[in-house]
Amino acid sequence: MIHSIVADVHLPAGMAGPEEMTFDVRCFLLSHASGVTLVDTALNNGAELITQKLAEIGADWGDVTDVILTHNHPDHIGCLHEVTARAPGASIWAGVHDIFPVAVKGAEDGATIRGLRVIATPGHTAGHLSLLATDDHALLAGDLVGTRNGSLTRAPEQFTADPVEAERSLHMLSTIDFHDLYPSHGAPSHRQALQDLIRQP
Ligand SMILES: [Zn+2]
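Here's a quick rundown of the structure.

What counts and how
Residues numbered from 1 in each chain as written. Predicted model: local features only at pLDDT ≥ 70, side-chain atom pairs only at ≥ 80, totals over all residues. Heavy atoms only, no water. Pairing = 2+ DSSP bridges. Helix = DSSP H or I, 4+ residues; strand = E, 2+ residues; numbered from the N terminus. Salt bridge = Lys/Arg side-chain N within 4 Å of Asp/Glu carboxyl O. Buried < 20%, exposed > 50% of the residue type's maximum accessible area, 1.4 Å probe, protein only. 1 Å grid on protein atoms, 1.4 Å probe; cavity = no way out; pocket = protein on both sides within 12 Å on 5 of 7 lines; lining within 4 Å. Points joined across faces, edges and corners; volume = space filled by probe spheres on them. Nonpolar A, V, L, I, M, F, W, Y, C, P; charged D, E, K, R; others polar. Contact = heavy atoms within 4.5 Å. Axes fitted to C-alpha atoms, helices over the stretch in contact; angles between N-to-C directions. Donors = N, O, S within 2.8 Å, 3.2 Å for Na, K, Ca; no water. Tetrahedral: all angles 85-135°; square planar, octahedral: opposite > 155°, others 65-115°. Parallel < 35°, antiparallel > 145°, perpendicular 65-115°, else oblique. Left-handed = near helix turned anticlockwise from the far one by under 90°.

A few words on the sheet that holds strand β10 (residues 138-142). Pairing within the open sheet is mixed, and its 6 strands lie in the order β7-β8-β9-β10-β13-β14. Looking at the sheet topology across the chains shown, the edges are occupied by β7 (112-113) and β14 (189-190). Where strand β8 (residues 116-120) lies against strand β9 (residues 129-133), 5 bridges are found, and the strand directions are antiparallel. For R117, the partnering residue across the bridge sits in β9 and is L132.

In structure tokens:
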């Protein structure tokens with residue numbers, strides 16, 4: 001089962017365009033046989049939200065065995081230092097082509113970490129990862145896609161390092177077998193929406 005933790009991001013006018021922007025960013029908790037895996041660490045204030053969600057599912061920081069980072073943007077690794085302090089025993093995993101402020105273990109394409117298959121999906125960042133939760137038939141797609149106003153969209157180009165490579169990764173993901181799609185921004189979606197998206201330029 002995938003538990004979403006939702007935080008609001010507010011960008012003042014001038015930071016990512018002329019208008020002020022509000023959107024959500026999500027990180028995820030997944031239980032496994034010997035504990036809990038955390039995917040991404042949200043914003044600076046994320047640790048409290050993660051603490052609350054751990055309590056809701058009957059766990060605490062001591063149960064966090066692994067932290068997997070989809071990519072190194074600040075809205076996905078905001079409270080990483082606090083997470084490593086609260087869960088000192090957890091292994092921190094990430095793509096080898098992104099640089100992080102803490103030491104991480106390289107999550108190789110094709111590896112499986114606590115039931116999550118690592119899929120290298122470069123483009124948004126060079127080391128961007130997606131994760132396939134095989135038992136849940138769900139794909140955690142990081143920032144390759146997001147949901148805005150009810151529709152699945154590509155990540156905004158100004159935040160994407162290599163849009164051509166991101167597009168290649170999107171096409172590759174659409175060939176993988178899953179049902180539910182969890183972007184890091186916006187509500188969950190499904191595989192069909194991804195297949196519809198890649199047909200639109
Ligand atoms: Zn990002």
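With the rule as written, the count across this model stands at 7 salt bridges. Between K53 and E56 there is a salt bridge, with its nearest N and O atoms 3.2 Å apart. In this pair, K53 and E56 both sit in helix α1 (residues 46-56), 3 residues apart, roughly one turn of the helix. You can call K53 buried: its relative accessible area is 17%. By relative accessible area, E56 is classed as exposed at 59%. R86 serves as the salt-bridge partner of E82, at 2.8 Å between the closest nitrogen and oxygen. With E82 and R86 both in helix α2 (residues 80-86) and 4 residues apart, the pair spans about one turn of that helix. Residues participating in the shared-partner salt-bridge network are E48, E82 and R86.

There is about 640 Å³ of room inside the largest pocket. Along the walls of the largest pocket sit 26 residues, with M21, F23, D75, F159 and H185 positioned nearest its centre. At the level of secondary structure, the elements contributing two or more residues to the lining of the largest pocket comprise β1 (2-11), β2 (21-32), β11 (145-148) and β12 (151-154). Among the residues making up the lining of the largest pocket, the classes are represented as 12 nonpolar, 9 polar and 5 charged.

Moving on to the sheet that holds strand β3 (residues 35-39). Sheet architecture is open: 6 strands sit in the order β1-β2-β3-β4-β5-β6, paired in mixed fashion. This sheet does not close on itself; its edge strands, each paired only once, are β1 and β6 (105-106). Of the pairings in the sheet, the one linking strand β4 (residues 64-69) to strand β5 (residues 91-94) comprises 4 bridges and is parallel in character. Counted as the bridge partner of V67 is I92 from β5. The strands that α1 touches are β1, β2, β3 and β4; relative to β1, the one it contacts most, it runs at about 160 degrees.

Turning our attention to the coordination of the zinc ion. Protein-derived ligands of the zinc ion are H71 (NE2), H73 (ND1), H124 (NE2) and D143 (OD), with the metal-ligand distances lying across 2.2 to 2.3 Å. Classification of the site at the zinc ion rests on its 4 donor atoms, whose angles at the metal span 85 to 168 degrees, yielding the label irregular. Positions of the donor residues of the zinc ion, expressed as sequence spacing, correspond to H-x1-H-x50-H-x18-D. Residue H71 is classed as buried on the basis of its relative accessible area, which comes to 0%. Residue class for H73 comes out buried when judged on its relative accessible area of 19%.

Looking now at the packing of helix α3 (residues 163-173) against helix α4 (residues 191-198). Between α3 and α4, whose axes approach to 10 Å, the crossing angle comes to 135 degrees. Classed by the angle they form, the pair α3 and α4 counts as oblique. Classified by chirality, the crossing of α4 by α3 is left-handed. Residues L170, H171 and L173 of α3 form the contact with α4, whose own contacting residues are L194, L197 and I198. Tallied by class, the residues present in the contact of α3 with α4 amount to 5 nonpolar, 1 polar and no charged.

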